[in-house]
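# Architecture at a glance
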Amino acid sequence: MAINEHARIRLAIIQRKYGPRLARDTSGSDVPDRRERFNSDFRRILADIIVPTLKAIGDELAASGHGYRIEQDVGEQTPSLEFHILLRGVPADANNLIRLFSREDAEGDGEVIAEVNVAQTLTELTRFRVLSRITQDVAEQMCVDAIEHIFACNAR
């Protein structure tokens, strides 16, 4: 059974329009450029959303006698951020931190992983493949949830 002329012409137009994009995306030739854009966008989100949110939360903790430290691009995964929670009554060398980093070996454009590390035990909080989903509300809620986990683990 043959298709009608109208359908054949539409299929040809669709293939001309989208075919080159599909070929480019599957060839992987532009993966470094996409990853660079992803990481550049993630750095902007770190500066514009994450760091100010963590500073505000850290200042709230500091008002209660706790401390915090924010470090960027620590370790092998960059861009990255570590938010160290320094709890009053807990040894200063205790490992209580929230970490966000761009995973280089992720499929597609890239992926940001958020995790909490308490006493050398990692717990993944979430993953982001769509950076526009990292809003101030999301960052704040994620951080507060992680801080609750840190407090609970240290209050045993």
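Calculation notes
Residues numbered from 1 in each chain as written. Predicted model: local features only at pLDDT ≥ 70, side-chain atom pairs only at ≥ 80, totals over all residues. Heavy atoms only, no water. Pairing = 2+ DSSP bridges. Helix = DSSP H or I, 4+ residues; strand = E, 2+ residues; numbered from the N terminus. Axes fitted to C-alpha atoms, helices over the stretch in contact; angles between N-to-C directions. Buried < 20%, exposed > 50% of the residue type's maximum accessible area, 1.4 Å probe, protein only. Core = buried A, V, L, I, M, F, W, Y, C linked by side-chain atoms within 4.5 Å. Contact = heavy atoms within 4.5 Å. Expected span 1.5 Å × (residues − 1). Arc of directions from axis to C-beta.

## Focus on the sheet that holds strand S3 (residues 96-103)
Sheet strands line up and pair through hydrogen bonds in the backbone, either parallel or antiparallel. Strand order in the open sheet made by the five strands is S1-S2-S3-S4-S5, with antiparallel pairing throughout. Each having just a single partner strand, strand S1 (67-72) and strand S5 (121-128) make up the two edges of the open sheet. Strand after strand, the sheet turns through a mean of 15 degrees between neighbouring axes, direction not considered.

## Regarding the pairing of strand S4 (residues 111-118)
Buried residues dominate S4, accounting for eight of its eight residues. Going residue by residue along S4, you find Glu111, Ile113, Glu115 and Asn117 tucked away on one face and Val112, Ala114, Val116 and Val118 tucked away on the opposite face as well. As judged from the eight bridges shared by S3 and S4, these two strands associate in the antiparallel manner. Bridge pairing links Leu100 to Ala114 in S4. By the bridge criterion, seven bridges tie S4 to S5 in an arrangement that is antiparallel.

## So, the nonpolar core
In this structure, Ile50, Leu81, Phe83, Ile98, Leu100 and Ile147 are the most contacted members of the largest nonpolar core, which totals 28 residues. Here this core takes nine residues from helix H2 (residues 31-63), the largest share from any one element. Residues contacting Ile147, with those up to four places away along its chain left out, are Ile57, Leu61, Phe83, Ile85 and Ile98.

## Let's talk about helix H3 (residues 136-154)
Between its terminal C-alpha atoms H3 stretches 27 Å, which fits the 27 Å expected from 19 residues at 1.5 Å a residue. The complete set of buried residues in H3 reads Ala139, Met142, Cys143, Ala146, Ile147 and Ile150. Along the axis of H3, the buried positions cluster into a sector of 135 degrees, meaning they face one direction only. Projecting away from the buried face of H3 at angles above 90 degrees are the exposed residues Asp137 and Glu148.

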